[in-house]
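Close look at the chain arrangement
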Amino acid sequence: MKSKINSTILGLIIGLFVPVLSILLAYVVRFQDELSIKEFIDSLLIYRVYTKVMALGVYFGNIVFFFLFIKTDLLKAARGVLLATILYSFAIMVFRFGF
């Protein structure tokens, strides 16, 4: 069982989906009563804070799984989460600075 979980691809998939889920969780916890999801996304774009929210979702969401995989000795899965974090970081830099 451990060998199926310990793969770079699974870690990459988890690392790509967890930030989206953490941003949606922040929306549900804080803004669901006030804004619809479309209004929430529009306000992120209008106030130009989407890169900051995206960065918080990536770093705080992925750090949990990265250290969880390290602690349970699933190093290939941790490598996948780290790869997803690097890819998101590059995308954030492109959105933020317009490379």
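To start, this report covers the structure provided alongside it. For clarity, every value in this text was computed on a predicted model and none was experimentally measured.

A few points about the overall build of the chain
When its secondary structure is counted, the chain shows 5 helices and 0 strands. The dimensions of the chain, computed from C-alpha atoms along their principal axes, are 45 × 35 × 15 Å. Evaluated residue by residue, the chain yields a buried proportion of 29% over its 99 residues. Intrachain contacts of the chain at a sequence separation of at least 6 include 72% that bridge at least 24 residues. Accessible surface for the chain amounts to roughly 7000 Å². Of this, 74% is attributable to carbon and sulfur atoms. On the chain, the mean spot of the 10 positive side-chain charges and the mean spot of the 5 negative ones are 16 Å from each other.

As for the pattern of salt bridges
Counted under the stated rule, the structure contains 2 salt bridges. The salt bridge partner of Glu34 is Arg30, with a shortest N-O separation of 3.1 Å. Residue Glu34 is classed as exposed on the basis of its relative accessible area, which comes to 52%. Residue Asp42 pairs with Lys38 through a salt bridge whose shortest N-O separation is 3.0 Å. Pair noted here: Asp42 and Lys38 are both in helix α3 (residues 37-46), with a separation of 4 residues, about one helical turn.

Things to note about the nonpolar core
With 7 residues, the main nonpolar core is built from Ile14, Val18, Phe69, Leu74, Ala77, Ala78 and Val81. If you list the elements that add at least two residues to this core, you get α2 (8-31) and α5 (75-97). With 3 residues, α5 is the largest single contributor of residues to this core.

What to know about the packing of aromatic side chains
Under the defined criterion, the tally for this structure stands at 5 aromatic pairs. A centroid spacing of 5.1 Å and a plane angle of 45 degrees characterise the contact between Tyr27 and Phe40, whose relative ring orientation is tilted. Here the residue Tyr27 occupies a position in helix α2, and Phe40 occupies one in helix α3, the gap between them amounting to 13 residues. By the burial criterion, Tyr27 is buried, and Phe40 matches it. With centroids separated by 6.2 Å and ring planes inclined at 50 degrees, the aromatic side chains of Phe65 and Phe69 adopt a geometry described as tilted. Residue Phe65 and its partner Phe69 are located together in helix α4 (residues 50-71), separated by 4 residues, close to a single helical turn. Site record: aromatic cluster; members linked through ring pairs are Tyr27, Phe31 and Phe40.

So, how was this worked out
Residues numbered from 1 in each chain as written. Predicted model: local features only at pLDDT ≥ 70, side-chain atom pairs only at ≥ 80, totals over all residues. Heavy atoms only, no water. Helix = DSSP H or I, 4+ residues; strand = E, 2+ residues; numbered from the N terminus. Buried < 20%, exposed > 50% of the residue type's maximum accessible area, 1.4 Å probe, protein only. Contact = heavy atoms within 4.5 Å. Areas by Shrake-Rupley, 256 points an atom, 1.4 Å probe, with all protein chains shown as cover. Lys, Arg positive; Asp, Glu negative; His and termini not counted. Charge placed at Lys NZ, Arg CZ, Asp CG, Glu CD. Salt bridge = Lys/Arg side-chain N within 4 Å of Asp/Glu carboxyl O. Core = buried A, V, L, I, M, F, W, Y, C linked by side-chain atoms within 4.5 Å. Phe/Tyr/Trp six-rings, centres within 6.5 Å; stacked < 30°, edge-to-face > 60°.

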